Each structure stands twice: as structure tokens, then as C-alpha cells.
Amino acid sequence: MWFKNLTLYRIPGFPFSADDLAAALARTPFEPCQSYNDRSSGWTPARHDQYVYTADGEHMIVLRTSRKVLPSSVVKRTVEERCAQWEKERGHKPGKKMRKEIKEQAYDDLLPKAFEVERDIRAWISPRHGILTIDTSSKAAADAIIGSLIRAVETAFTIHPARFTTSPASAMTQWIADEPPTGFTVDADSTTLVSSAGGSASIKYSGFALEADDARRQIEDGRVVGSLALTFEDKVSFILSGNGTLRRIAPVGVVKTAKKESKDDDVFASDFLLMAGTFGDLIAALSESLDGFEAAEDLFSQAQAEDEESDDEQAAAATGDDDPLVSEAQRVVLAQSRASISLVQRHLRIGYIHAARLLETLETRGVVSAMNNQGNRIITQAYIGSTGK
């Protein structure tokens, strides 16, 4: 139940009711990876059959992601076998370019047999506090859930990354040399110091407290705090990172005894509200200690602008206007004699959805067939043997 990490966003004036939000998420449910793609994502019920779990105006939603995992040793062995067969048939070893193509073909062929790994990413939405938090410290995972949420809803809403006005690294450096703000205590669990000039070198204190005199000497030597273990009001412990992310969150004291998840709906609701109340107070106190939040870009407006640009590109392709990416996709497909989304992705260095749309455009132009029951396309007879040049 309790989130172990918090990546923060601000959502002033969140406009959706629980029912409206649930209806939007239900339109893009999670579906497992198909044989021809290596990852997928979609919304899954947060509890029972509810896409939005709500208690006293606090919401929880869950994005499920899936990716296929191919052991590198299996790919390597397959490539070596195919390269050996190539050499046997032609009398010489494949060159660098051909070896790369053999590896890509092997990857595509092995993909349907790959292991599929699923992961749930949870988010807590609090219109009362004007915040959205994600149970992750990974930027990629946070971007996935924010992007999926923006695509799922039709009504515009404001969402900003929560960036504190005062740098957490600067504030934490002052806290260890002096004292933390009211309500917070510094723990002996973990303190990491990094060079203020940058670089990867760091010093980590774990299991014992960093004394104030030692802290001042480290600061004088040009180091700042990269992360710091803290406890808030004897309710919850966590590690605050220099970028404002909270990691390794754990309830303590009286709160800890109430956090165990239960199948009983009333107990689950009370646990969720206990978490929401504790985190709400924690984020408010942390924001006050770091002088509030600074202005940040609106992620919904950014995504909308990117979608409009993408729509313009698709419209140009649909009307037959010259589209370099479609032409490039056709060249790749014909040169490699196969129509694979992952192939187009890798050669053009674009996303999965963009690559899939390019192949759909090639289908409308008669270059490749429609997708068959196995999720594959074939090059049409008129284009077999063409190089696409």
C-alpha cells in the first residue's frame, strides 16, 4: 500500500472527477506485448475492477508496463551461428554492416520467444493538495505514467514538475552543518556527499551520524550533500535526493503498525488515507522548508504541441506530400526485405508508435501487406527485389 518513492508533480485545479478519470483510463487498458513488439503499457485497475481507487477525494491509479527480455547470451549465440552459416555459404566472413543486419534479424526472430516482464507503477492524485506523486525514483517510469495520463484524458489540465525554489542539495548541506528545519531530524542511515564542481566521486556515510564539525570540513573542501536520510515528525523516514525525489520511504512508530495491507475494503481505505495524510503533511512541510515551488513548464501544453506537430506530419503523408521519414522507412524495408516495426525503429531511431504509423502508411501505398494473424507484414509482389532507392 505505502509508496516507497515519491516523484512529485503539481496539478493546480485538477478538473476531473473520479468517474470521468476512470472512464478515460478505461479507454486505454493494458494489453500484453504482441509477438512483433518488445514493450507495451496501459492502465490497469487500482483495486478490484476500479481504474481509479478513491477515498475521501484522494485518488490512486496504476499504469502497467511490460517489456520482453532476451538474454544477451541467447542473442549472441544465435548471431554467431548465423554468421558462421553466412561464411560457409559465401566463403568469407560478414562485414560490420552485414553482421549488424544479421543481429537485427536474429533479434526480431527471437522476440516472440522472449520473457515478458510486467511492472505496475502507482500514482497518488490529491486535488486537495494540488499534487500528483508517482511511486518511482526513475525519470523514465515517471515520464511513462505522465505521458500515458495526458494521452488518456481529453480535457486539458495543468501539470508541472515540482521543482523547489531552493535547491534541495544546498538546503541539505546547510542542514547537516547547522540543523534541519522544524519537524525534521537527520538520520544516521545514509548521507552522501558529492563534489560541488561535479564529477562522479562521492563519499557516503552509512550507519552512523555525520557530526557537525566533520560536515563543515567536508563543505569547506568543496562538497555538498547529494542525498540525506531524514525522518518527519517521527511518522515517516525517507532519503531526500538532490533533485527533490524522495526514496526509501518507510513509516515509523505508530504509523508503521497501521501500514500493513489488508484485503478488507475499510482497512484498505483507512491505510490509503493514512498514507495520503502523512505524505500531504510531509510534502507541505518540505515545500515550506525549501521556499515553495518555482515556476515550471506545463507538461500538458508541451505534449499537445508535440501531438499537433505529429498530426501535421501524418496529414502530409496521407495527402501524398513528400515525407522523408516515410521514404526512409520504405527504403529500409525494401533494403532489408522485411517489414518490421522494430527494424524501422532501430534504423530511423524513432519511437515504437511512430514506426508503426510509418508501416501503416506503407500499407496504404501498397508497399507492404496488411498485418496477418501473427502480427507480421510482407512486402507486396510489385516491390519484391526493389531496393527502395
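Residues numbered from 1 in each chain as written. Predicted model: local features only at pLDDT ≥ 70, side-chain atom pairs only at ≥ 80, totals over all residues. Heavy atoms only, no water.

**A short note on the pattern of salt bridges**
Charged atoms that come close allow side chains of opposite charge to pair.
No. 1: Evaluation of the coordinates by the stated rule reveals 17 salt bridges.
No. 2: With a shortest N-O distance of 3.7 Å, D56 and R128 are connected by a salt bridge. Residue D56 is located in the loop between β3 (53-55) and β4 (58-69), and its partner R128 is located in the loop between β5 (115-126) and β6 (131-134); the two are separated by 72 residues in the primary sequence. In this pair, the class of D56 matches that of R128, namely exposed.
No. 3: Residue R90 pairs with E89 through a salt bridge whose shortest N-O separation is 3.2 Å.
No. 4: One salt-bridge network, held together by shared partners, links D56, E58 and R128. (Salt bridge = Lys/Arg side-chain N within 4 Å of Asp/Glu carboxyl O. Helix = DSSP H or I, 4+ residues; strand = E, 2+ residues; numbered from the N terminus. Buried < 20%, exposed > 50% of the residue type's maximum accessible area, 1.4 Å probe, protein only.)

**Comments concerning the packing of aromatic side chains**
No. 1: Overall, the coordinates contain 12 aromatic pairs when judged by the stated rule.
No. 2: Residues W175 and F184 carry aromatic rings whose centres are separated by 6.5 Å and whose planes lie at 20° to one another, so their mutual orientation is stacked. Accessibility classification places W175 together with F184 in one group, the buried group.
No. 3: Consider the rings of F184 and F232, whose centres lie 5.2 Å apart with planes at 40°: the pair is tilted. Here F184 is found in strand β8 (residues 184-195), whereas its partner F232 is found in strand β10 (residues 223-232), with 48 residues between them in sequence.
No. 4: Every member of this aromatic cluster is reached through a ring pair, and the members are F14, F16, F157 and F300.
No. 5: The ring of F268 has R47 sitting right over it, with the charged end atom 3.8 Å from the ring centre.
No. 6: One residue, R64, lies across the ring of F30, its end atom 5.9 Å from the ring centre. (Phe/Tyr/Trp six-rings, centres within 6.5 Å; stacked < 30°, edge-to-face > 60°. Lys NZ or Arg CZ within 6 Å of the ring centre and 35° of its normal.)

**Considering the sheet that holds strand β9 (residues 202-205)**
No. 1: Pairing is antiparallel across the open sheet formed by 5 strands, whose spatial order is β9-β8-β10-β11-β12. In this open sheet, the two strands that pair with only one neighbour each are β9 and β12 (246-251). Across the sheet, the mean angle separating the axes of adjacent strands is 15° when strand polarity is ignored.
No. 2: Inspection of the sheet shows β10 paired to strand β11 (residues 236-241) by 6 bridges, in the antiparallel sense. The residue bridging L228 from the neighbouring strand is L240, located in β11.
No. 3: Against the sheet, helix α5 (residues 168-177) touches β8, β10 and β11, its axis set at about 75° to β10. (Pairing = 2+ DSSP bridges. Axes fitted to C-alpha atoms, helices over the stretch in contact; angles between N-to-C directions. Contact = heavy atoms within 4.5 Å.)

**Some thoughts on helix α8 (residues 265-289)**
No. 1: The end-to-end C-alpha separation of α8 is 36 Å, in line with the 36 Å expected for 25 residues at 1.5 Å each.
No. 2: The backbone nitrogen of D266 has a side-chain oxygen 3.1 Å away, supplied by the residue at the start of α8, namely D264. (Expected span 1.5 Å × (residues − 1). Polar contact = N/O pair within 3.5 Å; in protein donor to acceptor, adjacent residues only side chain to side chain.)

**A look at the environment of W43**
No. 1: You can see W43 is positioned in strand β2 (residues 39-44).
No. 2: Look past the residues within four positions of W43 in its chain and what remains in contact with it is L25, T28, P29, F30, Y51, I61, V62, L63, I145, S148, L149 and A152.

**A few points about the nonpolar core**
No. 1: Formed by 43 residues in total, the largest nonpolar core has its most connected members in W175, F238 and F279.
No. 2: Every element with two or more residues in this core is listed here: β3, β4, α5, β8, β10, β11, β12 and α8.
No. 3: Considering every element that reaches this core, the biggest residue donor is α8, with 10 residues.
No. 4: Residues within four places of W175 in sequence aside, it is in contact with P180, P181, L228, L230, L240, L286, S289 and L290.
No. 5: Counting residues in hydrophobic clusters, the runner-up holds 31 residues, among them A24, V52, I145 and I146. (Core = buried A, V, L, I, M, F, W, Y, C linked by side-chain atoms within 4.5 Å.)

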